[in-house]
Amino acid sequence: MLKQLTHVQVWVHDQDEALAFYTEKLGLELREDVTVPEMGNFRWLSVGVPGQDDVAITLMEIPGPPVFEEETRQKIVDLLSRGASGGLFFSTDNAQQAYQELKNRGVEFTQEPTEQPYGIDAGFRDPSGNHFRMAQPR
Amino acid sequence: MVYLPSTRHLLRAKDLVDARYREPLDVPTLARAASLSPAHFSREFRRVFGETPHQYLLTRRLERAAAMLRNTDHAVADICFEVGLSSVGSFTTSFRRVYGMTPSAYRAANPPAARARVPTCVLQAYARPQSRSFREDRRAAQG
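Residues numbered from 1 in each chain as written. Chains lettered and ligands numbered in written order. Predicted model: local features only at pLDDT ≥ 70, side-chain atom pairs only at ≥ 80, totals over all residues. Heavy atoms only, no water.

1. Let's talk about the nonpolar core
Phase 1: Leu10, Leu30, Phe41, Phe91 and Phe95 of chain B are the most contacted members of the largest nonpolar core, which totals 29 residues.
Phase 2: Of all the secondary-structure elements, those providing two or more residues to this core are α1 (7-20), α2 (27-33), α3 (38-49), α4 (53-71), α5 (76-82) and α6 (88-99) of chain B.
Phase 3: Among the elements that make up this core, the one with the highest residue count is α4 of chain B (8 residues).
Phase 4: Core analysis: the second largest hydrophobic core is formed by 23 residues, Val12, Leu88, Ala98 and Leu102 of chain A among them. (Core = buried A, V, L, I, M, F, W, Y, C linked by side-chain atoms within 4.5 Å. Buried < 20%, exposed > 50% of the residue type's maximum accessible area, 1.4 Å probe, protein only. Helix = DSSP H or I, 4+ residues; strand = E, 2+ residues; numbered from the N terminus.)

Here you go:
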């Protein structure tokens, strides 16, 4: 049966910008960056949390034809920009410190660290509009 | 550089409401976050998110107030100011219109019992009142 979750996918509107954001601002590490010429230069790009080697985040360019026709591609770009993406949740040992560091690097926060019954959490976005949370569990 | 839709800038204004609803936010401040003129901003915000920036801000404050009524023992008047509203009278009126009861009655009806640990982002997204019952909505619909 299924053994392990290995990759989660995030649509991004620009892989170069996403790579810079996820590595330089969020502090994730590059895992895979492979461009395949026979697949129309499809670029398999993934990053991960340092120390958590068995789960990667795939930064997928929103494809046009032959995968999606232009109208569909444009709709996905539009939905992302409206904040209609799913979310990824991260954990942190120190939400306040992580918030300060990430904010200083220019990460856009949707919620400052806030005390919750389950711990301290905060929310932020990537340049495409994807929504992320980080929580310092109680 | 790949084209990024202008709605991404509007989303910044919406995020600003979610992050800083406690502060006295006004339309020019929100419009700046979206890099648009105030008039153009309000129109575009409504077109993209289906309600005016003012409605979004008010319902966010009411949603946060309701959460504080359930989860804290702060006085009603304090909660009103803590969510960025400046008049207890209008707060009570708006709250009643949305939740069908006064803030005190709402608190009595929703004791801080053991409930699912739903992350705040989920709560904020799902528990925000629908704003169609607001007077300004009807005016906007007619205008």
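2. What to know about the interface of chain A and chain B
Phase 1: In this assembly, 26 residues from chain A lie in contact with 19 residues from chain B.
Phase 2: When chain A packs against chain B, close to 1,900 Å² is buried across both sides, 52% of that on carbon and sulfur atoms.
Phase 3: Together, Ser81, Arg82 and Tyr118 of chain A form the three largest contributors to the area buried by chain A at its contact with chain B, with a combined 29%.
Phase 4: Counting across the interface, chain A meets chain B through 3 salt bridges.
Phase 5: Across the salt bridge formed by arginine 125 of chain A and aspartate 15 of chain B, the nearest N and O atoms sit 2.5 Å from each other.
Phase 6: For the pair chain A and chain B, the interface holds 8 residue pairs in polar contact (both at pLDDT 80 or more).
Phase 7: Elements with a minimum of two residues in the side of chain A that touches chain B: α2 (70-81), β6 (108-116), β7 (119-125) and β8 (131-137) of chain A.
Phase 8: Residue composition of the side of chain A that touches chain B, grouped by class: 7 nonpolar, 10 polar and 9 charged. (Contact = heavy atoms within 4.5 Å. Buried area = accessible area lost by both parts, 1.4 Å probe. Salt bridge = Lys/Arg side-chain N within 4 Å of Asp/Glu carboxyl O. Polar contact = N/O pair within 3.5 Å; in protein donor to acceptor, adjacent residues only side chain to side chain. Nonpolar A, V, L, I, M, F, W, Y, C, P; charged D, E, K, R; others polar.)

3. Section: the pairing of strand β2 (residues 29-36) of chain A
All names here are of chain A.
Phase 1: Relative to strand β3 (residues 42-48), β2 runs antiparallel, the two being bridged by 7 bridges. Looking at the pairing, glutamate 32 lines up with serine 46 of β3.
Phase 2: The loop that links β2 with its antiparallel partner β3 comprises 5 residues; one of these, glycine 40, has a positive phi angle of about 65°. (Pairing = 2+ DSSP bridges.)

4. Description of the pattern of salt bridges
All names here are of chain A.
Phase 1: Tallied over the entire structure, the rule returns 18 salt bridges over all chains.
Phase 2: Across the pair glutamate 101 and arginine 105 runs a salt bridge whose closest N-O atoms are separated by 3.2 Å.
Phase 3: Relative accessible area serves as the criterion here: at 39%, glutamate 101 is assigned to the partly exposed category.
Phase 4: Ionic pairing is found between arginine 133 and aspartate 121, a salt bridge with its closest N-O pair at 3.0 Å. Taken as a pair, arginine 133 in strand β8 and aspartate 121 in strand β7 lie far apart in primary sequence, 12 residues in all.

5. Let's talk about the pairing of β8 of chain A
Side-chain direction in a regular strand flips from residue to residue, so the side chains alternate between the two faces of the sheet.
Residue and element names in this part refer to chain A.
Phase 1: In this sheet, β8 lies alongside strand β5 (residues 87-91) in parallel orientation, the contact comprising 5 bridges. Across the sheet, the residue bridging to glycine 87 is histidine 131, located in β8.
Phase 2: In terms of strand pairing, β7 meets β8 through 7 bridges, oriented antiparallel. Pairing of arginine 125 across the sheet is with histidine 131, part of β8.
Phase 3: As consecutive antiparallel partners, β7 and β8 are separated by 5 residues, and within that stretch glycine 129 has a phi angle of approximately 110°, a positive value.

6. Concerning α2 of chain A
Phase 1: Here α2 of chain A is 12 residues long and its end C-alpha atoms lie 17 Å apart, about the 16 Å a rise of 1.5 Å per residue gives.
Phase 2: The set of residues buried in α2 of chain A consists of Arg73, Ile76, Val77, Leu80 and Ser81 of chain A. Along the axis of α2 of chain A, the buried residues cluster in a sector spanning 135°; they form a single face.
Phase 3: Lining the buried residues of α2 of chain A we find β1 (7-12) of chain A together with α1 of chain B.
Phase 4: Immediately downstream of α2 of chain A, the backbone of glycine 83 of chain A shows phi near 85°, a positive value. (Expected span 1.5 Å × (residues − 1). Arc of directions from axis to C-beta.)

7. As for the sheet that holds β2 of chain A
Residue and element names in this part refer to chain A.
Phase 1: The strand order across the open sheet built from 4 strands is β1-β4-β3-β2, with neighbouring strands paired in mixed fashion. Edge strands, defined here as strands with exactly one partner in the open sheet, are β1 and β2. The sheet shows a mean angle of 25° between the axes of neighbouring strands, taken without regard to direction.
Phase 2: Its contacts with the sheet place helix α1 (residues 15-25) against β1, β2, β3 and β4 (56-61), and it is angled at close to 10° to β3. (Axes fitted to C-alpha atoms, helices over the stretch in contact; angles between N-to-C directions.)

8. Digging into the environment of methionine 101 of chain B
Phase 1: On the secondary structure map, methionine 101 of chain B appears in the loop between α6 and α7 (103-109).
Phase 2: What methionine 101 of chain B contacts, discounting residues up to four positions off in sequence, is Phe95, Arg96, Tyr106 and Ala109 of chain B.

Read these as geometric descriptors, not functional statements.
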